[in-house]
Each structure stands twice: as structure tokens, then as C-alpha cells.
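Given next are the chains, with one letter for each unit.
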Amino acid sequence: NCNQDNDINPNEPLIVSLDFGVFNSLVVSQTHDDEYRVLKSMWVKSPKLLDDLFIEQFIPYYRPHQDKTIYLYGGHDGHNRSPNNNKTLFQQVEDILVKHGWKVFVMSKSSAASHFDKYLLINAMLKGYSGLPTIRINEHNNADLIISLEHAEAREGLKEAVEKWKGSERNKSILQQHATHLSDAFDIPIVTMYND
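Remember, predicted model here, so these are calculated numbers, not experimental data.

1. Observations concerning the overall build of the chain
For the chain, the helix and strand inventory stands at five helices and eight strands. Reading the chain from its N end, one meets helices and strands in the order β-β-β-α-β-α-β-α-β-α-β-β-α. What you see for the chain is a C-alpha radius of gyration of 16 Å, in line with the 16 Å of a compact globule of 196 residues. A principal-axis box enclosing the C-alpha atoms of the chain has dimensions of 45 × 40 × 30 Å. In the chain, which comprises 196 residues, the proportion classed as buried is 45%. Taking as baseline every contact in the chain between residues at least 6 positions apart, the subset at least 24 positions apart corresponds to 63%. In the form shown here, the chain has an accessible surface area of approximately 10,400 Å², with 48% of it arising from carbon and sulfur atoms.

2. Quick look at helix α2 (residues 89-99)
Within α2, the full set of buried residues consists of Leu89, Phe90, Gln92, Val93, Ile96 and Leu97. End-on, the buried residues of α2 take up no more than an arc of 160°, which puts them together on one face. In this structure, the buried residues of α2 make contact with β1 (14-19), α1 (50-61), β4 (69-74) and β5 (103-106). Within two residues after α2, glycine 101 carries a phi angle of roughly 90°, on the positive side.

3. Topic: the pairing of β5
As paired elements, β4 and β5 share four bridges and run parallel to each other. Paired with isoleucine 70 across the two strands is valine 104, which belongs to β5. Between the parallel pair β4 and β5, the chain is carried across by α2, and the sense of this crossover is right-handed.

4. Brief notes about the layout of surface pockets
Estimated volume of the second largest pocket: approximately 380 Å³. Every residue lining the second largest pocket is counted, 19 residues in all, and those nearest its centre are Leu49, Ser82, Asn84, Leu89 and Gln92. For the lining of the second largest pocket, the secondary-structure elements that each account for two or more residues are α1 and α2. A total of four residues in the lining of the second largest pocket trace back to one element, the largest contributor, which is α2. Its residues placed into classes, the lining of the second largest pocket shows six nonpolar, eight polar and five charged.

5. Focus on helix α5 (residues 181-194)
With 14 residues, α5 extends 21 Å between its outermost C-alpha atoms, agreeing within 8% with the 20 Å of an ideal straight helix rising 1.5 Å per residue. Across the 14 residues of α5, 12 count as buried, placing the element largely inside the fold. Those residues of α5 lying buried are His181, Leu182, Ser183, Asp184, Ala185, Phe186, Asp187, Ile188, Pro189, Ile190, Val191 and Tyr194.

6. Here we look at unusual backbone geometry
Apart from glycine, the bulk of residues carry a negative phi angle, and the bulk of peptide bonds sit in the trans form. With an omega of 15°, the peptide bond between serine 46 and proline 47 qualifies as cis. Its place among the elements puts proline 47 in the loop between β3 (35-45) and α1. A positive phi is found at aspartate 33, a non-glycine position, where the angle reads about 55°. Assignment of secondary structure puts aspartate 33 in the loop between β2 (23-32) and β3. Exposure remark for aspartate 33: the relative accessible area of 73% places this residue in the exposed category.

Criteria and cut-off values
- Residues numbered from 1 in each chain as written.
- Predicted model: local features only at pLDDT ≥ 70, side-chain atom pairs only at ≥ 80, totals over all residues.
- Heavy atoms only, no water.
- Helix = DSSP H or I, 4+ residues; strand = E, 2+ residues; numbered from the N terminus.
- Rg over C-alpha atoms; globule rule 2.2 N^0.38 Å.
- Buried < 20%, exposed > 50% of the residue type's maximum accessible area, 1.4 Å probe, protein only.
- Contact = heavy atoms within 4.5 Å.
- Areas by Shrake-Rupley, 256 points an atom, 1.4 Å probe, with all protein chains shown as cover.
- Arc of directions from axis to C-beta.
- Pairing = 2+ DSSP bridges.
- Right-handed = clockwise from strand over helix to strand, strands pointing away.
- 1 Å grid on protein atoms, 1.4 Å probe; cavity = no way out; pocket = protein on both sides within 12 Å on 5 of 7 lines; lining within 4 Å.
- Points joined across faces, edges and corners; volume = space filled by probe spheres on them.
- Nonpolar A, V, L, I, M, F, W, Y, C, P; charged D, E, K, R; others polar.
- Expected span 1.5 Å × (residues − 1).

See below:
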């Protein structure tokens, strides 16, 4: 559980970001002074569902965490309803977390930032530009995320100057936990919080 992590502040809220689909993934982060700390990433693939990701992995792992507040981010498709449910994906996640004692604030916007904006911002943060927090990734808890970020190549695009190449999500020879799903969950809160 999270008691073994020495980069977490147990008395501060968590930032949880989701990438939805047949392969559901999440990235847990926290801000700390001038750092944006990526604490842990988790995932499930079909036939497991989004509910399973939280009930089997997230909730047990973060049970000892003292501040039960979550700032919830995710793809804009989280505002969509599932075919068999009258609630949005964000509302389904919120229901599960509230039932387990968490307070949830849905922070995600209904539209995504451009790949070019993400590319510029995240590279500036990784290089430690002044005025922006430095991104720190817990290597032990994010092995799949690190590989996912390595597969998130930037390419010249047709619609934008730079686009994220997402071909790994369709490549059968690449494990889906190493495709760009986790990288999508990683970048959404960063861009939402710091793109200004």
C-alpha cells in the first residue's frame, strides 16, 4: 500500500487522472512545493472494467492515505454515458470513491488541449524551466507509464504542428500497458493545471 512510498504526502489530496476504454488506466500524482510528483499508475484491460480498477487496485492501495480528497481528471470522453448506464464515466467513478470514504472533485474539461500545447508544456517541465514545477516520476511504481511515455512519440501532424503518435494503441505486438494509454492519463492534469 501507499505507506511504503516515501514521495507521497499523506496529508495532501491526490490527483487522479484516467484514460477510458477497453483498456482503462489511471495515474496518481501530487503537487509538492515546486514539484509535480507522479506517484503511481494502474490499469485493467477487458474483461475487467473501470470499477475493478478502483475496487481491486486504487482503493486498497490508498486506504491508509489520510487526506481522502481526489481531484479527478481524465479524457473528455469521461463526460459520456456508458451504453448500459445513465451516469457518465466520471459519475460512476465518483460514486465508487464516495462509497469508500473519498471526497471527489471532477476537474476535467469537456475538450482536450492540442498535442502541440501538451508537447511544449511537458517538455518545458521535464527540462525544469523556471516558473513551472519539475516533473518527478516514481520509477518503481510507474514502470509501465515510463514505457508508455517512451512510446508517445511526437511527429509532425496534418492538423497541428506536432501530434502524439498513437499507433502503439493499434499495434498488436505492443502490450497495451506500454501503448500510449497511460501517457494520455499522465498528461491531462498537467496541461489542465499548468497550460496558462
